[in-house]
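Overview (structure and organization)
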Amino acid sequence: MSARAFTLALLLAAWTVPGTTRAQAGGSASPPAAAEAAYPPAPSIPAIGVPNTRYLDVPASALGPAVDPAKGYRLQDLGRGLYMVTDNVYQSMFLVYDRGVVVIDAPPSYASRIPQAIAEVTSRPITHVVYSHSHTDHIGGTRALGGHPVIIAQQETLRLLERAADSSRPLPTVTFADRYTLRVGTQVLELSYHGDAHEPGNIFIYAPAQQVLMAVDLVFPGWMMWRRFAVAHDIPGVFAQVERIRKMPWRTFVGGHVARTGTHADVDVQAEFMGDVRRAAAAALAATKPGEGLDPRDAANPWALFDDYIDRVAAKCVNALVPAWSTRLAAFDVYVWDQCYAMEQSLRID
Ligand SMILES: [Zn+2]
């Protein structure tokens, strides 16, 4: 918890304690009668920590073409020498030019098969690797690509990888601050950094000839975002970058996850969902009183007060989202509670 959040917690506790203390002095150990109404009805979606025995069906629109189990990956031609490789959970790309191949990300789940995927279209060697960001689930398979390629990343990625000291993620050999244009033969990749959002150093990778934008862990075409806005380092930054992606003039989007590539309609739907989560969490915060309904015996425990308050806010937020969204995004039920908890926290402290 940040110093600011801690101060907030104490202020809030100090403000609430007198009323509840009086209730205790009156000899009642049970919550005030009005407390019942303060609790929203339990959402139909199991809360975090409650087993979900059967998840909602995944809409067909969220799925992509099947992966051949014998190969363990699927290759998708994005045009003019650019390809997406995926195991339908992770996504990476490679770009073929006149003398070699540039690989963008190497997820460990299938990185050992990336050379085979490349061999389907060319016998040229891997000369460059671009890291989208430092997270091991996207680049931890780099060693499986072999050789000693030039590795390009944003300078924050270098800093984080030096700290990680992880031999499966070799350090970048070329770094940049804001922009880097990689020209190889007649092929071009425009790398750009737009500040912190998912993680410091996470970049946009744009292939202008192919009109393909790759930006990882920000947009999940057809799917609910991974928990807590994809474990966002900075939630307001994620909102800003999704909006930026929405307005950019690409034709195909590669998000680093799920089965298929994305369209502008996919980004619009996710942006709409994010806006709805923000509105639902803000409304729930405004409609919920801290400490209301808390057992007076817990009045001196500010963490309990917050736990009770935040749970009630999150439940109201989830209830507000279920009618419109439970069938629009695959796996809505898996992470809706996480999104509401993350959003209410961001609205209170960011
Ligand atoms: Zn990541």
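To start, this report covers the structure provided alongside it. (Residues numbered from 1 in each chain as written. Predicted model: local features only at pLDDT ≥ 70, side-chain atom pairs only at ≥ 80, totals over all residues. Heavy atoms only, no water.)

Attention now moves to the side chain of Asn-202. With respect to the secondary-structure elements, Asn-202 resides in the loop between strand S9 (187-193) and strand S10 (203-207). At 3.0 Å, the side chain of Asn-202 forms a polar contact with the backbone oxygen of Val-216. Each residue touching Asn-202, except ones within four places of it in the same chain, is listed here: Ser-132, His-133, Tyr-193, Val-216 and Leu-218. (Helix = DSSP H or I, 4+ residues; strand = E, 2+ residues; numbered from the N terminus. Polar contact = N/O pair within 3.5 Å; in protein donor to acceptor, adjacent residues only side chain to side chain. Contact = heavy atoms within 4.5 Å.)

Take Val-231: it is sitting in helix H6 (residues 227-231). Sequence separation between Val-231 and Asp-217 is 14 residues, and the spatial gap between their C-alpha atoms is 8.7 Å. With near-sequence residues (within four places) excluded, Val-231 lies in contact with His-198 and Trp-226.

Now for the coordination of the zinc ion. Taken together, the protein donors to the zinc ion comprise His-133 (NE2), His-135 (ND1), His-198 (NE2) and Asp-217 (OD), at separations of 2.1 to 2.2 Å. Geometry at the zinc ion is irregular, judged from its four donor atoms and the angles of 87 to 171° they form at the metal. Counting the intervening residues between successive donors of the zinc ion yields the motif H-x1-H-x62-H-x18-D. Taken as a pair, His-198 in the loop between S9 and S10 and Asp-217 in the loop between strand S11 (212-215) and H6 lie far apart in primary sequence, 19 residues in all. Judged by relative accessible area, Asp-217 falls into the buried class, the value being 5%. (Donors = N, O, S within 2.8 Å, 3.2 Å for Na, K, Ca; no water. Tetrahedral: all angles 85-135°; square planar, octahedral: opposite > 155°, others 65-115°. Buried < 20%, exposed > 50% of the residue type's maximum accessible area, 1.4 Å probe, protein only.)

One pass over the full model with this rule turns up one disulfide. Paired through a disulfide, Cys-317 and Cys-340 show a sulfur-sulfur distance of 2.0 Å. Handedness here is read from the sign of the S-S torsion; for Cys-317 and Cys-340, about -75°, the answer is left-handed. You can see Cys-317 sitting in helix H9 (residues 302-325) and its partner Cys-340 sitting in helix H10 (residues 332-349), a full 23 residues away along the chain. As far as burial versus exposure is concerned, Cys-317 and Cys-340 are alike and both buried. (Disulfide = S-S within 2.5 Å.)

Under the defined criterion, the tally for this structure stands at 16 salt bridges. A salt bridge links Asp-338 to Arg-228; the nearest nitrogen and oxygen atoms lie 3.2 Å apart. In this pair, Asp-338 sits in helix H10 while Arg-228 sits in helix H6, placing the two residues 110 residues apart along the sequence. Judged by its relative accessible area of 4%, Asp-338 falls in the buried class. With its nearest N and O atoms 3.0 Å apart, the salt bridge here joins Glu-272 to Arg-328. Note that Glu-272 is positioned in helix H8 (residues 264-287) and Arg-328 in the loop between H9 and H10, a separation of 56 residues in sequence. (Salt bridge = Lys/Arg side-chain N within 4 Å of Asp/Glu carboxyl O.)

Once that is clear, we can look at H8. Taking 1.5 Å per residue, 24 residues should reach 34 Å; H8 reaches 34 Å between its end C-alpha atoms and fits that length. Against the buried residues of H8 lie H6, helix H7 (235-247), H9 and H10. (Expected span 1.5 Å × (residues − 1).)

This brings us to the sheet that holds strand S2 (residues 82-86). Here seven strands make up an open sheet; going across it, the order is S1-S2-S3-S4-S5-S6-S7 and the pairing mixed. Where the open sheet ends on each side, the last strands, each with one partner, are strand S1 (74-79) and strand S7 (174-176). Between one strand and the next, the sheet's axes are offset by a mean angle of 20°, whatever the strand orientation. For strand S6 (residues 150-154) and S7, the ladder comprises three bridges, and the chain directions are parallel. Residue Ile-152 lies in a different strand from S7, and its bridge partner there is Val-174. (Pairing = 2+ DSSP bridges. Axes fitted to C-alpha atoms, helices over the stretch in contact; angles between N-to-C directions.)

Attention now goes to the packing of H8 against H10. Where H8 contacts H10, the two axes come as close as 9 Å, and the packing angle between them is 60°. Looking at the two axes, H8 sits oblique to H10. The hand of the H8/H10 crossing is right-handed. Across the interface between the two elements, Phe-273, Val-277, Arg-278, Ala-281, Ala-282 and Leu-285 from H8 touch Phe-332, Gln-339, Met-343, Glu-344, Leu-347 and Arg-348 from H10. Here the contact of H8 with H10 is built from residues that sort into eight nonpolar, one polar and three charged. (Parallel < 35°, antiparallel > 145°, perpendicular 65-115°, else oblique. Left-handed = near helix turned anticlockwise from the far one by under 90°. Nonpolar A, V, L, I, M, F, W, Y, C, P; charged D, E, K, R; others polar.)

Bringing the nonpolar core into the picture now. Soluble globular proteins tend to bury their nonpolar side chains together. Leu-218, Phe-229, Ile-245, Leu-321, Phe-332, Val-336 and Trp-337 are the most contacted members of the largest nonpolar core, which has 56 residues in total. When residues in this core are grouped by element, the largest group, 12 residues, is from H9. Ignoring anything within four residues of it in the chain, the contact list for Ile-245 reads Phe-204, Leu-213, Ala-215, Leu-218, Val-219, Trp-250, Phe-253, His-264 and Val-267. In terms of nonpolar packing, the next biggest core, distinct from the first, is built from 23 residues, Leu-78, Met-84, Ile-104 and Leu-191 among them. (Core = buried A, V, L, I, M, F, W, Y, C linked by side-chain atoms within 4.5 Å.)

Here we come to the packing of H8 against H9. Where H8 meets H9, the axes come as close as 8 Å, and the angle between the chain directions of the two elements is 140°. As judged from the angle between their axes, H8 and H9 are oblique. Considering the relative orientation of H8 and H9, their crossing is right-handed. Contact with H8, carried on its side by Val-269, Glu-272, Phe-273, Asp-276, Val-277, Ala-280, Ala-281, Ala-284, Leu-285 and Ala-287, involves Tyr-309, Val-313, Lys-316, Cys-317, Ala-320, Leu-321 and Trp-325 of H9 and no other residues of that element. Broken down by class, the residue content of the contact of H8 with H9 amounts to 14 nonpolar, no polar and three charged.

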